[in-house]
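# Reading the structure
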Amino acid sequence: MKKGILKYCNWGLSMLVGIGIFLFWFLWYPHALSYQEQYQLFLWTWDYFVERMSLPGGFADWLGESIVQFFYVEWLGALLLALLFMTLQRLVARLLPKVWSLLSLMPVVLLWWLMGDINVLLSLPVAIVLALSLACAMPRRLSWMDVLILPMAYWLIGPAVWLYVLVRVIQLGWKHLWSAGWLLALQLMAYAFLLPQWPLQQVMTGLNYYRIPLHYPQWSGYDKDMYELIRLDYLVRNERWDEIVKRAGMYQVRTPFWSNCVNLALSQKRLLADRMFDFYQSGEDALIMPRTRDLTSMLPSAEAFWRLGMVNSAQRYMFDTQESILNGRKSGRCTKRIAECMIVNGHYQTAKKQLDLLKKSLFYRSWAKETEANLKNDNWVNTHPVYGRIRQLRYKENFLYSYEEIDKMLGLLLMNNMDNKMALDYFMAQMLLKGNVKGFQQYLGLAQQYGGYRQMPLGYQDAMRCIQAQGNIAGSPYANYVKRMMAERRDE
C-alpha cells in the first residue's frame, strides 16, 4: 500500500515539475527560448553531425542543439524543456531512496536557476540527463564494465560523465574510486593526443556547455534588466510594436539597446515625432548604435537599417553579429536577413549560398525553398510587399560613411525617396538628439510638407518651445533630455 502511494506521489511530483517548467518558459520567458534559437543554425546533415561528434561531449551538444531548434515554436520548445526536466527529476528520484524522493526537486531547481545565465547551453542539462540515465542503466555487479564504458561516455557526454562516476562510487563503495582515476587519465590523454589545440581548462570542464570559452556560469538567476532587453529584441523580431510601446511605459532599462528598440517601435507606429522624448533616450546613439562586436547589441540597429532602406548597413551589422557568436555557431535569424539583403541588392548568386544552408534546417527550410524558386526574378522582387519597397527606398549608389555622419546619411536617404517617412522621422529625431537646433529648424518645413501630418507633431512643438525659451520651460520632455545630456557631459 505504501509503495503504491509513494509511486503515485512520485509521478504527481514529476507532473508538477513538467507543468511548472512548461508554464514558466511558455508564458513568462518565451523570449529566452527565441534568444537561444537565434544563435544557432541546426542542420540536418551528416557533415554537421560529424563535426559535433569530433569533440568530447559532441553527442550531448548535437542533441541539445536539435532540441533548441524547436524553440522556434515557443509552445513546442517549452514542452521539450518540460519533458527534459521531468526526466531529470525521475532519474534523481530513482537513484534516491524512495522516502527521500522529495529531494529530487533540488537538482531541478538548481539547474533551472543556473539556466538563468543566458550563455548556459542546453547541452549541459542534456549531458547531465544522459549521465544519470547511464548510471541508472548500468548493473551494479558489473563494475569492471566502466573500463570500457567511460571512454565512450566521456566522448559522447563530455566532462558531465563525472556525475556518472560519482553515482557509481556511491553505489559501489570506495573500492570503485579507481574509475575516477581512470576518467582523469582519459581526459589527460585526450588533451595530449587529440585536443592539443584546446586549453586544458576547457578539456577538463567542457567544450560545449557554455557559450563563452573559458568562462563559467554565474549564479545570477534571471536578471530583470537583461531579460527585459532580450524580450524587447524578441518583440522586434516578431514586429510586435504595440507591445514594445506598452512595456516601455511601464519599465525602462537605461541603455542604448533599449532606446533603439523603443524608437524603432515608435517609428513603425508613426509615433516617433510625437512621443520620442516621452521615453528614455540614451543620447546620439538612441536611434542607431555604432558597430559593437558582440552578439546582441547591433540587432535592433540592423532591423532599423533594414526598414529604412540602408540595406548594406543592415547586412554588415547582421554579419558582424553572427561572427561575434563566441562558440562559432551560425545564426538562423542572421543568415535569413543576410540572404534578404543580398536579394534586395540583386546579388542572387551569393544569396543562394545562404539559402542552401537554410534549406538544410527545419524551420527555415520552407522559406528558403520558396525564395530560391523565385531567385533571379527581378519582377518577383520588385512586386514583393517587403523586398520591393525596400529596393525602392535604398540608396542608388554604394559609398562609405562614418557613424558620426549618420544624420547626413539619413538626410540623403530621404532625398533619395521623399516617400520614406521613416527616414524623415529618423532624420529629424537624430538632429534633436545631437542638439542640432539650426538643422532642426531648417528642415521643419520639409517635415511638415512630406511627413503626412495633419498638424505639427507634439514632439516637434515641444522642441520648438524649448528652443525658443532656451531650455527654460518646465515639464518639457525635450528640455529634460537636453539638461540630462549636458549634466552627463559635465560629469565625464
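In this text, all values refer to a predicted model and were calculated from it rather than measured experimentally.

### Focus: the packing of helix H12 (residues 224-237) against helix H14 (residues 256-268)
Two elements in contact, H12 and H14, have axes separated by 10 Å at closest approach and are oriented at 30°. Overall, the two elements H12 and H14 adopt an arrangement that is roughly parallel. Considering only the axes of H12 and H14, their crossing is left-handed. Within the contact between the two elements, H12 uses Leu229, Leu232, Asp233 and Val236 and H14 uses Phe257, Trp258, Cys261 and Leu264. When grouped by side-chain class, the residues that make up the contact of H12 with H14 number seven nonpolar, no polar and one charged.

### Brief notes about the nonpolar core
The biggest cluster of nonpolar side chains holds 157 residues, and the ones touching the most others in it are Trp25, Tyr164 and Tyr426. If near-sequence neighbours (up to four positions away) are discounted, Tyr164 is found in contact with Ala131, Leu134, Ala135, Met138, Asp146, Ile149 and Leu150.

### A word on the side chain of Arg337
Structurally, Arg337 is set in helix H18 (residues 332-344). Of the residues examined, Arg337 reaches a relative accessible area of 12% and is grouped as buried. Side-chain polar atoms of Arg337 contact the side chain of Glu340, separated by 2.7 Å.

### Some thoughts on the environment of Met415
Within the secondary structure, Met415 sits in helix H23 (residues 406-416). Of the residues examined, Met415 reaches a relative accessible area of 48% and is grouped as partly exposed.

### Concerning the layout of surface pockets
Its volume calculated, the largest pocket comes out at about 770 Å³. If you go around the largest pocket, you meet 33 residues; those closest to its centre are Arg237, Glu239, Trp306, Arg307 and Arg337. Listing elements by their share of the lining of the largest pocket, those giving two or more residues are helix H2 (30-37), H12, H14, helix H16 (299-308), H18, helix H22 (387-393) and helix H24 (421-434). Looking at the lining of the largest pocket residue by residue, the classes come out as 14 nonpolar, six polar and 13 charged. What the second largest pocket holds in volume is close to 520 Å³. What lines the second largest pocket is a set of 20 residues, and nearest its centre among them are Val92, Pro107, Leu132, Leu163 and Val167. Sorting the residues of the lining of the second largest pocket by element identifies helix H5 (74-95), helix H6 (105-114), helix H7 (123-137) and helix H9 (161-172) as the ones contributing at least two each.

The rules behind each value
- Residues numbered from 1 in each chain as written.
- Predicted model: local features only at pLDDT ≥ 70, side-chain atom pairs only at ≥ 80, totals over all residues.
- Heavy atoms only, no water.
- Axes fitted to C-alpha atoms, helices over the stretch in contact; angles between N-to-C directions.
- Helix = DSSP H or I, 4+ residues; strand = E, 2+ residues; numbered from the N terminus.
- Parallel < 35°, antiparallel > 145°, perpendicular 65-115°, else oblique.
- Left-handed = near helix turned anticlockwise from the far one by under 90°.
- Contact = heavy atoms within 4.5 Å.
- Nonpolar A, V, L, I, M, F, W, Y, C, P; charged D, E, K, R; others polar.
- Core = buried A, V, L, I, M, F, W, Y, C linked by side-chain atoms within 4.5 Å.
- Buried < 20%, exposed > 50% of the residue type's maximum accessible area, 1.4 Å probe, protein only.
- Polar contact = N/O pair within 3.5 Å; in protein donor to acceptor, adjacent residues only side chain to side chain.
- 1 Å grid on protein atoms, 1.4 Å probe; cavity = no way out; pocket = protein on both sides within 12 Å on 5 of 7 lines; lining within 4 Å.
- Points joined across faces, edges and corners; volume = space filled by probe spheres on them.

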